[in-house]
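A look at the structure
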Amino acid sequence: MDMQGVAAVTYRGASIENRHLAHIAVVDAGGRMLCAFGDPGRVTLARSAAKPAQAAAIVDTGALERYGFDEADLALMCASHSSETRHIERTRRMLAKLHADESALRCGGHPSLSDAVQREWIRHDFVPTPACSNCSGKHVGMLAGAMLLGDAADYHEAGHPMQQRVRRTVAALCELPHEQVQWGIDGCNLPTPAFALDRLARLYAKLADAADAAVAATDSTLARIYHAMTRHPELVAGEGRYCTELMRAYEGALVGKLGADGCYGIGVRASARTRELGADGALGIAVKIEDGRVDMLYMIVSEVLARLGIGSEAQRERLAAFHHPPLRNTRGVEVGHRSFPFELRPR
């Protein structure tokens, strides 16, 4: 049996049902590869895992100060939220600070990422609007930055000054030449970057490292983003969602963000454990699962944290519902299990 690149296996009874290929990169704040699995150089669409870098470009325009956005607003700019009432209401309050309404947003409404919210919408025959988009906070932030740059129209277009600023910021944070970052269009209608997976890990290591030390201006921007996300995890995703529960469990010791179709980034603040792992400063972890299965991605990410010994056993146990969810049929009978045959090898 060829298990090359297989990070997780699903069994039904004794039979293999699915094998899930994945890539994992673990780096320190200086970008040094500590260990990996699969292809850590796989060019990966970061999708919403890139939101902290996109938010950095917004922060650096001065939009937060100009329009009175607070730390919770910044957290929503980094969010892929569940369209809960608090998310929608905050989006609308942010728009009000710009003296704008939803017609200014270049995203669209869509079904909620939360099953509970979606059931409620169906029950009330609710049609989601742009403020209900899981990316609404990012769009308001982009709109605010574009307004400060003097051109609020079509802020989502690749050639817009706001998006050009985002491109420069992403390349700089990933320490890549501009031409080594590829760009596509995300589900929310904004440009989304693609670059080597280990560079995503580096971005998240920088976020965590910035939270440990106030140094250059760019680091203070990253520190603001780190603290916004970890202090307001309920805004970054929502009740019962992995990003929220992960950051709640670790109580400010790490930041984590999902990217659609199976990408995840984590930044771990420096500790005795990160030093034992050989990290100089903070730790960055990036995972990409080839089949895009987000539930399997959460299992693999949780397994990586366990293999690396990040946090206490009690903290990791709080993620048990994501790490080892039971595989049951419609009668509640347990019919299978998963295993994680990957090894994190030093590089």
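For the structure itself, look to the data block above.
Right, let's walk through the structure included here. (Residues numbered from 1 in each chain as written. Predicted model: local features only at pLDDT ≥ 70, side-chain atom pairs only at ≥ 80, totals over all residues. Heavy atoms only, no water.)

Some remarks on the environment of glycine 238
- Mapped onto the secondary structure, glycine 238 falls in the loop between helix H10 (233–236) and helix H11 (242–250).
- On the basis of relative accessibility, which here comes to 0%, the residue glycine 238 falls in the buried class.
- Separated by 125 residues in the primary sequence, glycine 238 and leucine 113 have C-alpha atoms spaced 9.0 Å apart.
- Here glycine 238 is in contact with Ser82, Glu84, His87, Pro233 and Thr244, once residues within four sequence places are set aside. (Helix = DSSP H or I, 4+ residues; strand = E, 2+ residues; numbered from the N terminus. Buried < 20%, exposed > 50% of the residue type's maximum accessible area, 1.4 Å probe, protein only. Contact = heavy atoms within 4.5 Å.)

Details of the pattern of salt bridges
- Scanning the entire structure with this criterion turns up 24 salt bridges.
- A salt bridge links aspartate 73 to arginine 90; the shortest N-O distance between them is 2.7 Å. With aspartate 73 in helix H3 (residues 71–77) and arginine 90 in helix H4 (residues 85–97), the pair connects residues that are 17 residues apart, well separated along the chain. The same class applies to aspartate 73 and to arginine 90, which are both buried.
- The residue arginine 92 makes a salt bridge to glutamate 102 at a minimum N-O spacing of 3.1 Å. With arginine 92 in helix H4 and glutamate 102 in the loop between H4 and helix H5 (115–123), this residue pair connects regions lying ten residues apart in the sequence.
- On the basis of relative accessibility, which here comes to 39%, the residue arginine 92 falls in the partly exposed class.
- Each of Glu84, Arg86, Glu239, Glu245 and Arg248 takes part in one network of salt bridges that share partners. (Salt bridge = Lys/Arg side-chain N within 4 Å of Asp/Glu carboxyl O.)

A few points about the layout of surface pockets
- Within this model, the largest pocket holds a volume of roughly 340 Å³.
- Taken together, 19 residues line the largest pocket, and the ones lying closest to its centre are Arg47, Ser48, Leu113, Asn134 and Ala260.
- Element by element, the count of residues in the lining of the largest pocket is highest for strand S7 (residues 254–259), at three residues.
- Grouping the constituent residues of the lining of the largest pocket by class yields seven nonpolar, eight polar and four charged.
- Approximately 170 Å³ is the volume attributed to the second largest pocket.
- Here the residues of the lining of the second largest pocket are counted per class, giving one nonpolar, two polar and three charged. (1 Å grid on protein atoms, 1.4 Å probe; cavity = no way out; pocket = protein on both sides within 12 Å on 5 of 7 lines; lining within 4 Å. Points joined across faces, edges and corners; volume = space filled by probe spheres on them. Nonpolar A, V, L, I, M, F, W, Y, C, P; charged D, E, K, R; others polar.)

Some words on H4
- For H4, built from 13 residues, the straight-helix expectation of 18 Å at 1.5 Å per residue is met to within 8% by its first-to-last C-alpha distance of 19 Å.
- Within H4, burial applies to His87, Ile88, Arg90, Thr91, Met94 and Leu95. All buried residues of H4 project into a common sector of 165 degrees when viewed along the axis, lining one side.
- Among the structural elements, H3, H5, helix H6 (136–148) and H10 are those in contact with the buried residues of H4.
- Histidine 99 occupies a position one or two residues after H4 and carries a positive phi of about 55 degrees. (Expected span 1.5 Å × (residues − 1). Arc of directions from axis to C-beta.)

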